[in-house]
Amino acid sequence: MSPAIALAFLPLVVTLLVRYRHYFRLLVRTVLLRSFRDCLSGLRIEERAFSYVLTHALPGDPGHILTTLDHWSSHCEYLSHMGPAKGQILMRLVEEKAPACVLELGTYCGYSTLLIARALPPGSRLLTVERDTRTAAVAEKLIRLAGFDECMVELIVGSSEEVIPRLRSQHQLIRADLVLLAHRPRCYLRDLQLLEGHALLPAGATVLADHVLFPGAPRFLQYAKSCGRYRCRLHHTGLPDFPAIKDGIAQLTYSGPG
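Because the structure is predicted, anything quoted here is derived from the model rather than measured.

Student: Tell me about the sheet that holds strand β7 (residues 242-254), and please be specific about residues and values.
Tutor: Spatial ordering of the open sheet is given by β3-β2-β1-β4-β5-β7-β6, a layout of seven strands whose pairing is mixed. The open sheet has two edge strands with one neighbour each: β3 (153-157) and β6 (230-239). The sheet shows a mean angle of 15° between the axes of neighbouring strands, direction not considered. The pairing of strand β1 (residues 101-105) with strand β2 (residues 125-130) spans five bridges and is classified as parallel. What sits directly across from E104, in β2, is T128.

Student: Account for the state of the cysteines, naming residues and giving values.
Tutor: Summed over the entire model, instances satisfying the criterion amount to zero disulfides. The thiol of C39 is not disulfide-bonded; the next cysteine sulfur, from C76, is found 19 Å away.

Student: Lay out the packing of helix α3 (residues 45-56) against helix α7 (residues 133-145) with the relevant residues and their values.
Tutor: Running from N to C, α3 and α7 cross one another at 20°; their axes reach a closest spacing of 9 Å. Relative to α7, the element α3 lies roughly parallel. For the element pair α3 and α7, the recorded crossing hand is left-handed. Every residue of α7 that contacts α3 at E46, E47, F50, V53 and L54 is listed here: R134, T135, V138, K141, L142 and L145. When the residues that make up the contact of α3 with α7 are grouped by side-chain class, the tally is six nonpolar, one polar and four charged.

Criteria and cut-off values
Residues numbered from 1 in each chain as written. Predicted model: local features only at pLDDT ≥ 70, side-chain atom pairs only at ≥ 80, totals over all residues. Heavy atoms only, no water. Pairing = 2+ DSSP bridges. Helix = DSSP H or I, 4+ residues; strand = E, 2+ residues; numbered from the N terminus. Axes fitted to C-alpha atoms, helices over the stretch in contact; angles between N-to-C directions. Disulfide = S-S within 2.5 Å. Parallel < 35°, antiparallel > 145°, perpendicular 65-115°, else oblique. Left-handed = near helix turned anticlockwise from the far one by under 90°. Contact = heavy atoms within 4.5 Å. Nonpolar A, V, L, I, M, F, W, Y, C, P; charged D, E, K, R; others polar.

Right, dumping it as structure tokens:
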């Protein structure tokens with residue numbers, strides 16, 4: 001490419017960088033810097049975050065552990081976790097619904113798991129599913145560090161597609177009063193239909209889906225709005241530390257198979 005052509009494209013490149021600067025910063029922090037630090041340390045970001053929690057957070061205090069993870073993500077390495085703004089929405093809904101049993105698909109590092117567990121009423125149960133074994137190992141240690149035992153919070157390692165059909169037989173899950181979808185948005189619709197097909201959603205159950213606007217779950221939202229079995233509401237938020245990047249949590253209320 002000649003210098004003249006390159007100069008002609010320069011204003012367009014500058015305009016795009018300015019307009020999409022938040023996405024560019026997110027890309028740098030979540031891909032480039034993370035990959036560099038992974039190679040340098042031999043550890044994943046979740047493992048580095050847990051090491052930070054071990055030295056800075058109070059064991060047995062889930063609130064302090066969550067605050068420590070937020071501080072790590074804001075000041076050290078971006079964790080791509082739910083964050084405090086979405087966390088407040090999640091905790092408020094859990095407290096409001098007071099579910100007897102919660103199913104979380106996508107444990108990741110355990111951040112949203114702690115949010116749910118600390119908001120549950122006494123005697124409630126949380127099952128959380130994570131497909132990645134190394135990430136699940138970190139989440140397991142974080143959950144136990146926060147003081148939640150296996151009777152209250154059970155972590156299941158495996159893909160959601162494989163785990164959902166055996167929740168009733170192997171994990172004694174009769175119904176899920178509240179479900180959090182926080183794994184891969186492209187899998188939300190498939191897993192929602194699996195939950196319906198295995199009769200794990202009672203009438204009145206709440207289904208919460210994170211990241212429905214960024215990166216987005218359009219087929220899931222279209223199904224929920226058009227199938228006639230859900231009342232839908234969207235809670236608009238931004239990404240943690242990137243409020244200019246708009247995202248949202250979908251709240252669905254299941255009316256039954258109908």
